[in-house]
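Residues per chain are reported as follows:
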Amino acid sequence: MGKVLIIGCGISGLSSAISLAEKGIKSVLVSPFPSERAQSVMAAGGINAVDDCPDGADSVEKHISDTIKGGSFIAGKEAVTGLCKSAASIIDQLERMGMVFTKDSEGRYAKRAFGGQSFNRTCFSGASTGKQIVTSLIMECRKYESDGLIERMMWTDFHSGLIRDGRIYGALLFSEATRELFPVYADAVIVATGGQNTLFGKTTGSTTCDGYTAGKLFTQGAELKNLEFIQYHPTTIETVHKRMLISEAARGEGGRLFCNKDGDRFYFMEEKFGPKGNLMPRDVVSSCMHKLGTQVYLDVSFLKKDIIMNRLYEVYDVCKKYRNIDITREPIPVEPSIHFFMGGLAVKNNHETNIEGLYAVGECASIYHGANRLGGNSLLSAIYGGQVAASSIKESYSAAAHSTADFTEYIKVENDKFKSAGRNSSKFPVAYIRDMVAEDMNRNLGIVRDEKSLEEGIKNMDYYMDIASKLNYDSNVLPYFNYSVPGILNLGKAILVSALSRKESRGSHLRSDYPGMDDEYKAASIVSYNDGRFDIRYDKEGSYER
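Analysis parameters
- Residues numbered from 1 in each chain as written.
- Predicted model: local features only at pLDDT ≥ 70, side-chain atom pairs only at ≥ 80, totals over all residues.
- Heavy atoms only, no water.
- Helix = DSSP H or I, 4+ residues; strand = E, 2+ residues; numbered from the N terminus.
- Rg over C-alpha atoms; globule rule 2.2 N^0.38 Å.
- Buried < 20%, exposed > 50% of the residue type's maximum accessible area, 1.4 Å probe, protein only.
- Contact = heavy atoms within 4.5 Å.
- Pairing = 2+ DSSP bridges.
- Axes fitted to C-alpha atoms, helices over the stretch in contact; angles between N-to-C directions.
- Parallel < 35°, antiparallel > 145°, perpendicular 65-115°, else oblique.
- Left-handed = near helix turned anticlockwise from the far one by under 90°.
- Nonpolar A, V, L, I, M, F, W, Y, C, P; charged D, E, K, R; others polar.
- Disulfide = S-S within 2.5 Å.
- 1 Å grid on protein atoms, 1.4 Å probe; cavity = no way out; pocket = protein on both sides within 12 Å on 5 of 7 lines; lining within 4 Å.
- Points joined across faces, edges and corners; volume = space filled by probe spheres on them.
- Salt bridge = Lys/Arg side-chain N within 4 Å of Asp/Glu carboxyl O.

**Student:** An account of the overall build of the protein is needed here, citing residue identities and associated values.
**Tutor:** Secondary structure assignment for the protein yields 17 helices and 24 strands. For the protein, whose C-alpha radius of gyration is 23 Å, the value lies close to the compact-globule estimate of 24 Å for 546 residues. Taken over the C-alpha atoms alone, the protein extends approximately 70 × 50 × 45 Å along its principal axes. Evaluated residue by residue, the protein yields a buried proportion of 60% over its 546 residues. Counting only contacts in the protein whose residues sit at least 6 apart along the sequence, the fraction spanning at least 24 positions is 72%.

Structure follows, in structure tokens:
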């Protein structure tokens, strides 16, 4: 075959490119920045895997069970089984690439506890697991770059898919250097663009992940799934520009949550759930903190200093740098914040969407996590998803180049719109509207939602969509910042519509007006775009992942 276009250069994009190269397939890795700046480097906690269990207590089957239970029983068992069974080999592969995992005194992988897991099965590399994985994948990627099997196209953004009759033929891209749109044709396209952070303003994730790609492809026919499931991480601190994550590793090493009650420390999670209460699933911890309605603290100061400085150094560094808190001496004031999106582009077990030749991997793909993700499964699924997509592309497409459709007229129309957009007299700049949207999304899609707030959010989103074409574009920023607004707004409305439709509380989706789980909704939600209409159905037959 000719080549595969990969949009995104984090762990899932790198994994896709390497896996394709191993099969002799060329890929073009498109991103607005180097891999060293991808959100993936921010993942500190670890990666789940069941390998050698001397006592025989843990097992792959228990990892599968924990993942499905943590996702409130709507993740596909076949997909989850493939993920968990591949974990040990992925750890071995990373070590062969040069990654150095933390080991115990007997030379085995050190394991820490993460929320929702019945056993310690999270492997890690000091306090910077994501950074170490990215570094290892970059070095492996460079081998294939020198062989011509991987080509990098940096300072480049996705504009739209080249889609016709249910098949994708490549993408229209934006060059930050020339500030022009240009097409790249490919036999398949893999989207690896991460979550939807910018849509919500301050989150724990990278502000470069705005959800635009998924939103644009949605209006071009790609279906989205499980958008209402948004994970709030219970332990974050606020800084000027974003929320900084206090890794679950802090609680995995023994950190305790408490609030002040009648002048004493009240360890509310332990009081309610017993000794392992601090490591309940993230949705449970966040919900408990929300109900308290008071300041919560995380204390690790009682741990040995060498444990903090060696295994939790990133937590120590963040707290000292941004809040001048010495965690070896004092507790950390923490609050829940949006951290991970279980929803995204709907994909089948092979990571292909409903558009032929269009794949999605990593956080932008909805698969494996159901209604809530277990800590340590995100890095695993990012690597595994890239491998699965590459294998599927190898199996599905012959070496003969596919015929390409003629997109000349479409490219001309998009270029004309691009050049003329934003020349309005409106007093509202794009940046102002984007901030308003983030404020609305946070207010109406908080930890707990209800019908009134969700309907208000949809009404506001319709208003923003109505005025989007009249906005005054900011000439001081990259055009991408301006033209991405409609795609982001469509994604925002799709999230709100999905949350309104699911009349139950499941996993990270909590409705005060529907507090219990309902078997009627024991399935993934699928939203499709049809001439401006947002249609919802529930995938009870498992047409996507099984």
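Okay, back to it.
**Student:** Help me get a handle on the sheet that holds strand β8 (residues 167-175), residues and values and all.
**Tutor:** The three strands are arranged β7-β8-β9 in an open sheet whose pairing can be described as antiparallel. At either margin of the open sheet sits one strand with a lone partner, and together these are β7 (156-164) and β9 (180-185). Looking at each pair of strands side by side, their axes are set apart by 30 degrees on average, direction ignored. Strand direction decides the pairing type here: β7 and β8, joined by seven bridges, are antiparallel. When the sheet's bridge partners are listed, D157 is paired in β8 with F174. Against the sheet, helix α13 (residues 408-420) touches β7, β8 and β9, its axis set at about 155 degrees to β9.

**Student:** I'd like to hear about the packing of helix α14 (residues 430-444) against helix α15 (residues 451-467), residue by residue, with values.
**Tutor:** Running from amino to carboxyl end, α14 crosses α15 at an angle of 165 degrees, the nearest separation of the two axes being 9 Å. In terms of orientation, α14 lies roughly antiparallel with respect to α15. Both α14 and α15 take part in a crossing whose hand is left-handed. Together, I433, M436, V437, D440, M441, R443 and N444 of α14 and S453, L454, E456, G457, N460, M461, Y464 and I467 of α15 make up the contact between the two elements. Grouping the constituent residues of the contact of α14 with α15 by class yields eight nonpolar, four polar and three charged.

**Student:** Describe the state of the cysteines, and please don't skip the residues or the numbers.
**Tutor:** Summed over all chains, the structure comprises zero disulfides. With no disulfide of its own, C209 lies closest to C364 among cysteine sulfurs, the gap being 9.3 Å. Note on C209: relative accessible area 8%, which makes it buried.

**Student:** Can you break down empty space enclosed by the protein residue by residue, with the values?
**Tutor:** Going through the model one piece at a time under the given rule, you end up with three cavities of 30 Å³ or more. Estimated volume of the largest cavity: approximately 60 Å³. Elements with a contribution of two residues or more to the lining of the largest cavity: β12 (230-238) and α9 (282-292). Top contributing element to the lining of the largest cavity by residue count: β12, with three residues.

**Student:** Got a sec to walk through the sheet that holds strand β4 (residues 111-112)? Specific residues and values, please.
**Tutor:** Spatially, the three strands line up as an open sheet ordered β3-β5-β4, and their pairing is antiparallel. The two strands at the open ends of the sheet, each matched to only one other strand, are β3 (47-48) and β4. Here two bridges tie β4 to strand β5 (residues 122-123), and the two strands are oriented antiparallel to one another. Bridging across to β5, R112 finds its partner in T122.

**Student:** Please set out the packing of helix α6 (residues 212-219) against helix α17 (residues 485-501) residue by residue, giving values where relevant.
**Tutor:** Direction vectors running N to C along α6 and α17 enclose 80 degrees, while the axes themselves pass 7 Å from each other. Between α6 and α17, the interaxial angle falls into the category roughly perpendicular. Along its contact with α6, which presents Y212, G215, K216, F218 and T219, the element α17 presents G487, I488, N490, L491 and A494. For the contact of α6 with α17, a count of residues per class yields five nonpolar, four polar and one charged.

**Student:** Could you give an account of the pattern of salt bridges, naming the residues involved and the relevant values?
**Tutor:** Note on pairing: side chains with opposite charge can pair once their charged atoms come close. Inspection of the entire model under this criterion finds 33 salt bridges. Residue E414 is joined to K417 by a salt bridge in which the shortest nitrogen-to-oxygen separation is 2.9 Å. In this pair, E414 and K417 both sit in helix α13, three residues apart, roughly one turn of the helix. Here K417 falls in the partly exposed class, since its relative accessible area comes to 47%. Three or more residues are tied together by salt bridges with common partners; here these are K202, E238, R243 and E335.

**Student:** Which residues make up the pairing of strand β16 (residues 296-299), and what values go with them?
**Tutor:** Here is the key point about a regular strand: its side chains alternate between the two faces of the sheet. One ladder, built from four bridges, connects strand β14 (residues 256-261) with β16; its direction is antiparallel. Along β16, the bridge assignment pairs F258 with Y297. Sheet analysis places β16 next to strand β17 (residues 332-341), joined by three bridges and oriented antiparallel. Bridge pairing links V296 to V334 in β17.

**Student:** Now, about the environment of G516: what can you tell me, with residues and values included?
**Tutor:** Tracing the backbone through its elements, the reader meets G516 in the loop between β22 (510-511) and β23 (525-530). Expressed as a C-alpha distance, the spacing of G516 and S505, which sit 11 residues apart in the sequence, is 5.3 Å. If sequence neighbours within four positions are ignored, G516 has contacts with E504 and S505.

So yeah, pure geometry; function would need other evidence.
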